[in-house]
Amino acid sequence: MSTLEVILRAAGLLAAFLLLPLLVGQTEHKVMAHMQGRLGPMYAGGFHGWAQLVADGAKFVQKEDIVPAAADKRLFRLAPALALIPYLVALAAIPVHPGFAVADLPGGALFVLAATSVGILGTLVAGWASANKYALIGAMRSAAQLIAYELPLALAAASVTLAAGTLSLGGIIEAWEPWWLMWQLPGALVFLVAAVAELQRPPFDMPIADAEIVFGPYTEYTGLRFAFFLLAEYGGIVVMSLLFSTLYLGGWRGPFDDLAGWAWTLLKGFVIALLLIWIRVSWPRLREDQLQRFAWLTLIPLALLQLVITAVGVVLMGGAS
Amino acid sequence: MSEHKGVVPGLLKGLATTARTMTRHTSTQEYPDVRPDLPSRSRGVIALLAENCTSCMLCARECPDWCIYIDAHKETIPAATPGGRDRQRNVLDRFAIDYSLCMYCGICVEVCPFDALFWSPQFEYAELDIRDLLHEKDRLGGWMDSVPAPAALDSGAADPAEVTAQRAPARPARVIRRPPAGAPE
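Student: What's the story with the overall build of chain B in this structure? I'm lost.
Tutor: Helix and strand counts for chain B come out as five helices and five strands. At 28 Å, chain B has a C-alpha radius of gyration far larger than the 16 Å of a compact globule built from 185 residues. Dimensions of chain B, computed from C-alpha atoms along their principal axes, come out at roughly 105 × 50 × 35 Å. The proportion of buried residues among the 185 residues of chain B is 10%. Taking all contacts inside chain B whose residues are at least 6 apart in sequence as the whole, residues at least 24 apart take part in 73%.

Structural data, given as structure tokens:
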């Protein structure tokens, strides 16, 4: 791969990472509004407020750069990058079109899970560096939640890689069969729930809920740094939606996928993102202890059960394809 | 764990409710691009019909907030006939309502015996300076243009007094008859 191609791929990835979360964010504004009987943004940009998030970005950029006096300045400034960059890197491994991912790795599934786990550090560092009691409490809750839900996520993904016989995401898509959705259904549900918890989206947003703990680890952040944390959240939604569609819905597979594989990828990811938004609007928040109990006592046994079912299935089918 | 049996149906019902709300038409009115659809009884501002006012001061007295300021003086109208009594009339000098104090209770409108005060649904009179919220007589008279027509009476009710007064036959000129001497009055 020539240097020029690397640069072009990286630029394309950056453009997608900056654009797709904005689309998801605007969709969330409008969908959440209509689900609540309102209209959502209508003014910015003239036509049904399409430019609302652009206006928000401009607003965040022109804000004053405030760092609390007692804060650990270097860590405080580093935390948004720590939260944001892992999702950018994880997006690179997701296959978009038959035979094309920005970075087609043999261990793609493992890489994506590992990269998203690094994002947890961003929240922890933000809470610690803020020199704020409540930020620290929020960061500790966050850490406990994200670590607890990392395991079901990995187990569910492991079940799919076991079924496909490969860690490569492209390979998983190629080995996928539609009836796998039945076979992997418990794992799919576990993955979906664990993904929502990893993203700290409602109903698992106790560590950052503004009614509970101001905004948890992000309390002291303002301006562009705060915008980067929000971008990291929506970037995470994009990555997790695409990952779910890759593992369980066949990624770019579909009619005419040699031409429109990328369209199938985007469509499936968008549907999952819509599902995440729908869940956010409809369900109340879990308490921290309910959250933990749910992860350790329900999701992990379910994920282990799925692993057993998958293993039995693989052996019965005489080895993976 | 019997309470857990109800969790999933409840979650699905929640999803169904939000999905149904999403498909329904939103009744949001985008003010200020769209004029709001207010009932004619809405209490926006109080209008003064100065020609009805006799400066009886009932509204100023009954206002719980003391936000009505009235200045009036008496004028004498000389007698119409020689030997008759001079009449007195109240002339309204100043009638002001301070909308920074007004709490829109409507007691002044209710209590006025001469129907000089009316409710109007007009609400767009916000000011940058609180002193501009003191509306004087001319401004209060201006609000009369926005007062809606009175509500239609019940279909079985009698005609309103304004209509019957117009239809009544004109009264003949008054003739003063002196009673015959000695008859009881």
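Moving on, there is more to tell.
Student: I keep staring at the overall build of chain A and nothing clicks. Help me out?
Tutor: If you tally the helices and strands in chain A, you get 12 helices and two strands. When the helices and strands of chain A are listed from N to C terminus, the series reads α-α-α-β-β-α-α-α-α-α-α-α-α-α. The C-alpha atoms of chain A give a radius of gyration of 20 Å, which matches the 20 Å a tight globule of 321 residues would have. When each of the 321 residues of chain A is scored for burial, the buried share is 44%. Here the analysis covers contacts within chain A between residues at least 6 apart in sequence; of these, 78% occur between residues at least 24 apart.

Student: Whenever I open this one, the interface of chain B and chain A confuses me. Can you help?
Tutor: Reports often express the size of an interface as the amount of accessible area lost when the parts come together. With nine residues of chain B at the interface, the matching set in chain A holds 12 residues. Across the side of chain B that touches chain A, the residue classes break down as three nonpolar, five polar and one charged.

Student: So what exactly am I meant to see when it comes to the nonpolar core here?
Tutor: Soluble globular proteins tend to pack their nonpolar side chains together in the buried interior. Grouped together as the largest cluster of nonpolar side chains are 87 residues, with contacts concentrated most on Leu 91, Phe 191, Ala 194, Ala 195, Val 196, Val 238 and Phe 244 of chain A. Looking at this core, the element that brings in the most residues is helix H10 (residues 223-248) of chain A, giving 16 residues. Ignoring sequence-local partners within four residues, the contact set of Ala 194 of chain A consists of Tyr 149, Pro 152, Leu 153, Ala 156 and Leu 299 of chain A. The next biggest cluster of nonpolar side chains, apart from the first, holds 17 residues, and it includes Ala 47, Cys 53, Ile 68 and Cys 102 of chain B.

Student: Sorry if this is basic, but what is going on with the packing of helix H8 (residues 185-198) of chain A against H10 of chain A here?
Tutor: Packed helices, taken two at a time, are described by the angle their axes make and the gap between the axes. Residues and elements named next belong to chain A. At a minimum axis distance of 11 Å, the contact between H8 and H10 shows a crossing angle of 170°. As the angle between them shows, H8 and H10 are arranged roughly antiparallel. Along this stretch, H8 crosses H10, giving a crossing that reads as right-handed. Judged by residue contacts, Ala 188, Phe 191, Leu 192, Ala 195 and Glu 198 of H8 engage Met 240, Phe 244, Leu 247 and Tyr 248 from H10.

Student: Before we go on, may I ask you to explain the pairing of strand S3 (residues 87-98) of chain B in this structure?
Tutor: The side chains of a regular strand alternate, first on one face of the sheet and then on the other. Residues and elements named next belong to chain B. Relative to S3, strand S2 (residues 68-77) runs antiparallel, the two being bridged by 10 bridges. Bridging from a neighbouring strand, Ala 72 pairs with Leu 92 of S3. One ladder, built from two bridges, connects S3 with strand S5 (residues 134-135); its direction is antiparallel. By the bridge assignment, Ile 97 is partnered in S5 with His 135.

Student: Could you clarify how one ought to interpret the sheet that holds S5 of chain B in this entry?
Tutor: In any sheet, the strands associate via hydrogen bonds between backbone groups, in a parallel or an antiparallel arrangement. One open sheet accounts for three strands, arranged S2-S3-S5 (chain B); its pairing is antiparallel. Both outer strands of the open sheet, S2 and S5 of chain B, are each paired with one neighbouring strand and no more.

Student: Where do I start with the confidence of the model for chain B in this structure?
Tutor: Interpreting fine coordinate detail is not advised for predicted regions of low pLDDT. Averaged over chain B, the pLDDT score is 89; the fraction of residues at 70 or greater is 93%. The complex model carries a pTM of 0.83, and its ipTM stands at 0.82.

Student: Explanation requested: the environment of Leu 291 of chain A in the structure shown.
Tutor: All names here are of chain A. Note on placement: Leu 291 falls in helix H12 (residues 288-316). Considered as a pair, Leu 291 and Gly 187 are 104 residues apart in the sequence and their alpha carbons are 18 Å apart. Beyond its immediate sequence surroundings of up to four residues, Leu 291 is in contact with Gln 145, Phe 204, Met 206 and Leu 286.

Student: So what exactly am I meant to see when it comes to helix H1 (residues 3-35) of chain A here?
Tutor: Think of an α-helix as turning once every 3.6 residues; residues three or four places apart then point the same way. Counted at 1.5 Å a residue, the expected span for H1 of chain A with its 33 residues is 48 Å, and the 47 Å between its end C-alpha atoms agrees. Within the span of H1 of chain A, buried status applies to Phe 17, Leu 20, Pro 21, Val 24, Gly 25, Gln 26, Glu 28, Lys 30 and Met 35 of chain A. Looking at the packing, one finds that the buried side of H1 of chain A touches helix H2 (52-61), helix H3 (73-92), H10 and helix H11 (257-282) of chain A together with helix H1 (7-23) of chain B.

Student: I tried to follow the pairing of strand S1 (residues 45-48) of chain B on my own but got confused; where do I start?
Tutor: Residue and element names in this part refer to chain B. Of the two faces of S1, the one lined by Val 45 and Ala 47 and the one lined by Ile 46 and Leu 48 are each fully buried. In this structure, S1 lies alongside strand S4 (residues 117-120), joined through four bridges in antiparallel fashion. Note that in S4 the partner of Leu 48 across the bridge is Leu 117.

Student: Quick question: what am I supposed to make of unusual backbone geometry here?
Tutor: Comment: phi is negative for the bulk of residues other than glycine, and the bulk of peptide bonds are trans. Residue Pro 202 of chain A is joined to Pro 203 of chain A through a cis peptide bond whose omega torsion reads 0°. Mapped onto the elements of the fold, Pro 203 of chain A is located in the loop between H8 and helix H9 (210-213). Omega for the bond connecting Tyr 31 of chain B with Pro 32 of chain B falls within 30 degrees of zero, at 5°, which places this linkage in the cis form. Inspection of the secondary structure assignment puts Pro 32 of chain B in the loop between H1 and S1. Phi is positive for Met 57 of chain B, close to 70°, though the residue is something other than glycine. The backbone of Tyr 104 of chain B sits at a positive phi, close to 60°, despite the residue not being glycine.

Student: Is there a simple way to think about the environment of Gly 170 of chain A in this case?
Tutor: Residues and elements named next belong to chain A. Along the chain, Gly 170 falls in helix H6 (residues 169-175). Assessed through the 22 C-beta atoms surrounding it within 10 Å, Gly 170 is described here as buried. The sequence separation of Gly 170 and Gly 236 amounts to 66 residues, and the corresponding C-alpha distance is 20 Å. When near neighbours in sequence (up to four residues on either side) are disregarded, Gly 170 contacts Pro 95, Ala 101 and Asp 104.

Student: Please clarify how the packing of H11 of chain A against H1 of chain B should be interpreted in this entry.
Tutor: In the contact formed by H11 of chain A and H1 of chain B, the axes pass within 9 Å of each other and the chain directions differ by 105°. One way to sum up the angle between H11 of chain A and H1 of chain B is to call them roughly perpendicular. Contacts from Trp 278, Val 281 and Ser 282 of chain A in H11 of chain A reach Gly 14, Leu 15 and Thr 18 of chain B in H1 of chain B. Classifying every residue of the contact of H11 of chain A with H1 of chain B gives three nonpolar, three polar and no charged.

Student: Can you help me understand H10 of chain A in this one?
Tutor: Residues and elements named next belong to chain A. Between its first and last C-alpha atoms H10 spans 37 Å; for 26 residues at 1.5 Å apiece the expected length is 38 Å, and the two agree. Burial analysis of H10 places 23 of its 26 residues in the buried class, the great majority of the element. The positive-phi residue at the C-terminal boundary of H10 is Gly 250, with phi of around 85°.

The rules behind these values
Residues numbered from 1 in each chain as written. Chains lettered and ligands numbered in written order. Predicted model: local features only at pLDDT ≥ 70, side-chain atom pairs only at ≥ 80, totals over all residues. Helix = DSSP H or I, 4+ residues; strand = E, 2+ residues; numbered from the N terminus. Rg over C-alpha atoms; globule rule 2.2 N^0.38 Å. Buried ≥ 20, exposed ≤ 12 C-beta atoms within 10 Å, placed from the backbone. Contact = placed C-beta atoms within 7 Å. Nonpolar A, V, L, I, M, F, W, Y, C, P; charged D, E, K, R; others polar. Core = buried A, V, L, I, M, F, W, Y, C linked by C-beta atoms within 7 Å. Axes fitted to C-alpha atoms, helices over the stretch in contact; angles between N-to-C directions. Parallel < 35°, antiparallel > 145°, perpendicular 65-115°, else oblique. Left-handed = near helix turned anticlockwise from the far one by under 90°. Pairing = 2+ DSSP bridges. pLDDT = per-residue confidence, 0-100. Expected span 1.5 Å × (residues − 1).

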